[in-house]
Amino acid sequence: MTAKETLTVLVTGASGGIGGAISRLLAEQGHRLLLQGRNAARLQQIKAELPHSDRHQILVADLCDRAARAELVRSCEQLPGGVDVLVNNAGIASFSLLSDIRDAELGRLLHTNLIAPMALTRDLLPTLQRSEGAAIINIGSAFGHIGHPGFGAYGASKAGLHGFTETLRRELADSKVRVHYLAPRAVDTPLNSDAVNDLNRALGNKSDSPQFVAAQCLRLLQSKHGRRRFIGWPERLFIKVNAFLPSLVDSALAKKLPLVRQFARGETPPTVQDKTAPSAL
Ligand SMILES: NC(=O)c1ccc[n+]([C@@H]2O[C@H](COP(=O)([O-])OP(=O)(O)OC[C@H]3O[C@@H](n4cnc5c(N)ncnc54)[C@H](OP(=O)(O)O)[C@@H]3O)[C@@H](O)[C@H]2O)c1
């Protein structure tokens, strides 16, 4: 375990499926949670359900708003024990062909999934560096490692998050801060639109529960060194194959293209069951 037994953990997107599950699991382990999100009512509900509810705190902020982010950092700095762990989990998704994505959607996606976690990490780093149990966990996606048609903007944001995580781990190699990266495949949460769920069903793709992802997050937190974890089989294999023999994955995904196009455009294609393509938001 880490040098400190009770950690203060800031979970961004704690009002969502994975963030809520991570918060519950860490609270059960005795940690103190700072629950961040935009939906105050949902955060209150999650906080009320946590063990030792009154030791946890809610921090409502839109992470894309620079002033709100600065206020969030100020609140963290003012805590007597500071913050030990930052889980950059907040995120949004988009399932669109490039030709259908507008600038506003591109901007919102890259801001939420990449710029905001980078800026928040930078601003919270001085506080984190004072902790004996300091860690940063960035929640990426298998789609950051496998370019999947229909997920260009989302995949780019998560590929960027992975590049940022790797760089930060190396920049902080001589510090106490451990930098981790967790890449789930599809997870059963409200993040996925009906079209994405329909696509996954049509392709026979598997998905995980948020609780399973939270357990993987806890394993990273318990690790003494900065680590990367990819969740799911055969997605882990696809990621390796994609790195060494991308043409094989090109061919497998080319077969899915007509189906992806139909779902991305909201048309209802005939149901197919094909288990050879990777699934992962
Ligand atoms: N679900 C999947 O299939 C899947 C797969 C791989 C990776 N992931 C990644 O896992 C992470 C969590 O996703 P999830 O599935 O739990 O999604 P979710 O249930 O939709 O939750 C998303 C969370 O992000 C927060 N959020 C979004 N934009 C924000 C902003 N501008 N400022 C502050 N908070 C913001 C939301 O807060 P409010 O609701 O309070 O606004 C919510 O708490 C994301 O990074 C996602 O990319 C998900």
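Residues numbered from 1 in each chain as written. Predicted model: local features only at pLDDT ≥ 70, side-chain atom pairs only at ≥ 80, totals over all residues. Heavy atoms only, no water.

Defined as follows: UniProt positions are given in the numbering used here, feature names are shortened, and annotations may be inferred rather than shown by experiment.
As annotated in an unreviewed UniProt entry, the protein carries the name SDR family oxidoreductase and is attributed to Microbulbifer variabilis. Quoted straight from UniProt, the Sequence similarities (unreviewed entry) entry for the protein says "Belongs to the short-chain dehydrogenases/reductases (SDR) family."

## A short note on the state of the cysteines
Heads up, the condition is: Our working definition of a disulfide is a cysteine sulfur pair at a distance within 2.5 Å.
Applying the stated rule across the entire model yields zero disulfides. You can see Cys-64 has no disulfide; the closest cysteine sulfur is in Cys-76, sitting 17 Å from it. With no disulfide of its own, Cys-217 has Cys-76 as its nearest cysteine by sulfur position, at a separation of 17 Å.

## Thoughts on the UniProt feature "domain: Ketoreductase" (unreviewed entry) in the protein
Operational definition: Runs of E in the DSSP output that reach at least two residues are strands. Runs of H or I that reach at least four are helices, and both are numbered from the N terminus.
Within this numbering scheme, the UniProt entry marks residues 7–199 as carrying the feature "domain: Ketoreductase" (unreviewed entry). The span residues 7–199 carries 45% helix and 15% strand; its end-to-end C-alpha distance comes to 39 Å.

## Quick notes on the packing of helix α4 (residues 103–128) against helix α5 (residues 152–171)
We count it as follows: Axis definition: a line fit to C-alpha positions, over the contact stretch in the case of helices; interaxial angles, taken between N-to-C directions, run 0 to 180 degrees. By definition in this entry, angles of less than 35 degrees are roughly parallel, angles greater than 145 are roughly antiparallel, angles of 65 to 115 are roughly perpendicular, and the rest are oblique. Left-handed is the label given to a crossing in which the near helix is rotated counterclockwise from the far helix by less than a right angle, and right-handed is the label when the rotation is clockwise. Residues are treated as being in contact if the distance between any of their heavy atoms lies within 4.5 Å.
Where α4 meets α5, the axes come as close as 9 Å, and the angle between the chain directions of the two elements is 15°. When the interaxial angle is binned, α4 and α5 end up roughly parallel. The chirality of how α4 crosses α5 is right-handed. Taken together, the residues of α5 that come into contact with α4 (itself represented by Leu-106, Leu-109, Leu-110, Asn-113, Leu-114, Pro-117, Met-118 and Thr-121) are Ala-153, Tyr-154, Ser-157, Lys-158, Gly-160, Leu-161, Phe-164 and Leu-168.

## Observations concerning unusual backbone geometry
The residue after Trp-233, namely Pro-234, is reached through a cis peptide bond having omega 15°. Along the chain, the position of Pro-234 falls in the loop between β7 (228–230) and α8 (235–244). For His-52, which is not glycine, the phi torsion reads 50° and is therefore positive.

## Considerations on helix α6 (residues 194–203)
Along an α-helix, residues three or four apart share an orientation, since each turn contains 3.6 residues. Under the convention used in this document: Burial classification: accessible surface area is computed with a 1.4 Å probe over protein chains only, and a residue below 20% of its type maximum counts as buried, one above 50% as exposed, and the rest as partly exposed. Arc, as used here, means the arc of the directions from the helix axis to the C-beta atoms.
Of the positions making up α6, those classed as buried are Val-196, Leu-199, Asn-200, Ala-202 and Leu-203. Viewed along the axis of α6, the buried residues span an arc of 165°, placing them on a single side of the element. Turned more than 90 degrees away from the buried face of α6, the exposed residues are Asp-194 and Arg-201. As for α6, its buried residues are in contact with α9 (246–264). Backbone geometry just downstream of α6 places Gly-204 in the positive-phi region, at approximately 70°.

## Some points on the nonpolar core
Put simply, the test is: The term nonpolar core refers to a set of buried residues drawn from Ala, Val, Leu, Ile, Met, Phe, Trp, Tyr and Cys, joined through side-chain atoms within 4.5 Å.
If you look at the biggest cluster of nonpolar residues, it comprises 30 residues, and the most contacted ones within it are Val-9, Ile-22, Leu-33 and Val-87. At the level of secondary structure, the elements contributing two or more residues to this core comprise β1 (8–11), α1 (17–28), β2 (32–37), α2 (40–49), β4 (85–88), β5 (135–139) and α7 (210–221). When sequence neighbours within four positions are dropped, the list of residues in contact with Leu-33 reads Val-9, Val-11, Ser-23, Leu-26, Ala-27, Leu-50, His-56 and Gln-57.

## Let's talk about α9
Rule in force here: Each residue after the first adds 1.5 Å to the expected span of a helix. Two axes define the bend at a residue: one fitted to the seven residues ending there, one fitted to the seven starting there, and the bend is the angle between them.
In a regular helix each residue adds 1.5 Å, so 19 residues correspond to 27 Å; α9 covers only 23 Å between its end C-alpha atoms and thus falls short of that length. At Lys-256, α9 shows its maximal kink, close to 50°; a proline, Pro-258, follows between one and four residues later. Buried positions along α9 lie against α6 and α8. Phi turns positive, to about 80°, at Gly-266, one or two residues after α9.

## Things to note about the sheet that holds strand β6 (residues 178–183)
Worth spelling out the cut-off: Two strands make a pair as long as DSSP finds a minimum of two bridges between them.
Taken together, seven strands build an open sheet; the order of strands is β3-β2-β1-β4-β5-β6-β7 and the sheet is parallel. What marks the edges here is a single partner per strand, and that holds for β3 (57–60) and β7. Each neighbouring strand pair of the sheet contributes to a mean axis angle of 15°, computed without reference to strand direction. Of the pairings in the sheet, the one linking β5 to β6 comprises five bridges and is parallel in character. In the sheet register, Ala-135 faces β6, and the bridge partner there is Arg-178. Strands in contact with helix α3 (residues 66–77) are β1, β2 and β3; relative to β3, the strand with the most contacts, it is inclined by about 155°. Most of the contacts of α5 go to β6, to which it runs at about 155°, and overall it touches β5, β6 and β7.

## Comments concerning the pattern of salt bridges
The condition that has to hold: Definition used for salt bridges: Asp or Glu carboxyl oxygen within 4 Å of a side-chain nitrogen of Lys or Arg.
Within the structure shown, the criterion is met by nine salt bridges. With a closest N to O distance of 2.9 Å, Arg-185 and Asp-208 form a salt bridge. Of this pair, Arg-185 sits in the loop between β6 and α6 while Asp-208 sits in the loop between α6 and α7, and the two are 23 residues apart along the sequence. Taken as a pair, Arg-185 and Asp-208 share a single burial class, namely buried. The partner of Arg-201 in a salt bridge is Asp-198, with the nearest N and O atoms 2.8 Å apart. Pair noted here: Arg-201 and Asp-198 are both in helix α6, with a separation of three residues, about one helical turn.

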